[in-house]
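Residue strings, one per chain:
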Amino acid sequence: MFGMPRRLLFGYLALAVFMTGDGFELTFLSRFLVEHGFSPTQAGLVFTVYGLVVAFSAWTTGVLAEVVGARRLMLLGGVLWMVLHVLFLTVGLRSVLGTIVIYGLRGVAYPLFMYSFVVLIAQSVHPGRLASAMGWFWASFSLGIGVLGAYVPSLLVPVIGEYATLWASLAFVAAGTAMCAFLVPGAPPEADRSRELDGESRTRELLRGVTILVENRQIALSVVIRVLCNLTLYAFPMLMPLYLTTNGIGGEAWFSLSEWMTLWAIMNAITIGANVVWGRLGDRYGWMRQMRWCGFGGMAIATLAFAYVPVWFGASFPLMVVAAVLFALSVTAFVPMGAIFPALAPEHRGAAISAHNLASGLTTFLGPGIATALLPVVGPVGVCWAFAGLMVLGTITTFFIHPPQPGITSETGRMLPRRERFADIA
């Protein structure tokens, strides 16, 4: 069905439900912390430390999932998230240090759930259809963390308040974890290496998650573009509520918090269908070309649109929706990233996916980190210009990466003549 592997249907649903709970705080936590005594810099530091922990957890998830089993690791991530979230709400919020430490530690949990499922997809899907399967992965992710994770809190916060809304997120994470436990199948026996690896092999495979960055230059360059492509996706939930809804950092409170949350939900709603479409287009017309021009090119323009639309046109919500749609269509063009890494190292998929996950984690750290560091120096508009410049750097870097794509390129990553494309895919 449009490239979705039916065997993993409940896995996609479990991911969407889990990420709904994980995304509850994204659109209001920075403002919530500032209203409760944190400075904007301290609030940014909370997100930055969280992203750093996410990066480390994501890095190890790929090889851990191959070594101990992807489904087992998903369950561990779900349980760990719930335990640490309760500690965050009952103990962590009492102090700045407690918030940084416990919320940061919670960053270990969601990559275990989310990126273990990436490994399960890679173990279950033909390489020539992997971008389509990853399109559904990112559609489920967007439905959860972006749409429901933003829309449901926008309904709850005015009624029960922000703190109670944070507690409500537990129900979604628990439901997603339960779905994983009872409805998601494990890897096909022929692809599940966790049963055949002995202690020495497990250690060697874990170390390969580090050494592959040195041994494979194409993987290292792919890490660079994977980091760059989602910087604003993780920086904007920290930056934009302060820029668009307050007067504190150079904005003019053009919109209410509810309007910002609705805008972010609209953007993520667009990404659901766009992820699926871009996955299919990438499999059909080429992963790298799509990311180079539609991804990085579009993101540079969309990033500047978020900065300048309110400056030039004031509190025009329809024009901000246009900017959000462009953002959504551009950020989803990077769907093939999840297919590129295992394609560049098919004999070590777990290690390659760990490199992908490291980059995914680093972008959650560097996005708010760059914004936090530059905000006092250049202001919010200057931060957006910095991100736009990094998108141009990403465009240039793509010219040096040549993944072998079944049906599109040769084994060296060079484009096949049109008449030879898809000859080897049934």
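Residues numbered from 1 in each chain as written. Predicted model: local features only at pLDDT ≥ 70, side-chain atom pairs only at ≥ 80, totals over all residues. Heavy atoms only, no water.

The name an unreviewed UniProt entry gives the protein is MFS transporter, with Saccharopolyspora rosea as the organism. Per UniProt, the comment on the protein under Subcellular location (unreviewed entry) is "Cell membrane". (UniProt positions renumbered as here; feature names shortened; annotations may be inferred.)

Asker: Explanation requested: unusual backbone geometry in the structure shown.
Answerer: Trans peptide bonds make up most of the peptide bonds, and negative phi angles are found at most residues other than glycine. We note that alanine 253 has phi near 50°; this positive angle belongs to a residue other than glycine. Following the sequence through the fold, alanine 253 ends up in the loop between α11 (231-245) and α12 (257-285). By relative accessible area, which is 32% here, alanine 253 ends up partly exposed. (Helix = DSSP H or I, 4+ residues; strand = E, 2+ residues; numbered from the N terminus. Buried < 20%, exposed > 50% of the residue type's maximum accessible area, 1.4 Å probe, protein only.)

Asker: Looking at this structure, I do not really get the packing of helix α3 (residues 40-68) against helix α6 (residues 109-124). What am I missing?
Answerer: Geometrically, a packed helix pair is captured by the angle between its two axes and the distance between the axes. For the pair α3 and α6, the least separation of the axes is 8 Å and the interaxial angle reads 35°. α3 and α6 meet at a crossing whose hand is right-handed. Residue-level inspection shows Tyr50, Val54, Ser57, Ala58, Thr61, Gly62, Ala65 and Glu66 of α3 in contact with α6, the latter providing Tyr110, Pro111, Leu112, Tyr115, Ser116, Val119 and Gln123. Residue composition of the contact of α3 with α6, grouped by class: nine nonpolar, five polar and one charged. (Axes fitted to C-alpha atoms, helices over the stretch in contact; angles between N-to-C directions. Left-handed = near helix turned anticlockwise from the far one by under 90°. Contact = heavy atoms within 4.5 Å. Nonpolar A, V, L, I, M, F, W, Y, C, P; charged D, E, K, R; others polar.)

Asker: Would you mind showing me how to read the packing of helix α7 (residues 130-160) against helix α8 (residues 162-183) here?
Answerer: Between α7 and α8, the shortest axis-to-axis distance is 8 Å and the interhelical angle comes to 135°. Overall, the two elements α7 and α8 adopt an arrangement that is oblique. As for how α7 packs across α8, the hand of that crossing is right-handed. Listed contacts from α8 to Val152, Pro153, Leu156, Val157 and Ile160 of α7 are Glu162, Ala164, Thr165, Ala168 and Phe172. (Parallel < 35°, antiparallel > 145°, perpendicular 65-115°, else oblique.)

Asker: Sorry if this is basic, but what is going on with the nonpolar core here?
Answerer: Across soluble globular proteins, nonpolar side chains show a tendency to be buried alongside one another. Formed by 130 residues in total, the largest nonpolar core has its most connected members in Ile121, Phe137, Phe306 and Phe327. If we skip the residues at most four places from it in the chain, phenylalanine 137 touches Tyr12, Leu15, Met114, Phe117, Val118 and Ile121. (Core = buried A, V, L, I, M, F, W, Y, C linked by side-chain atoms within 4.5 Å.)

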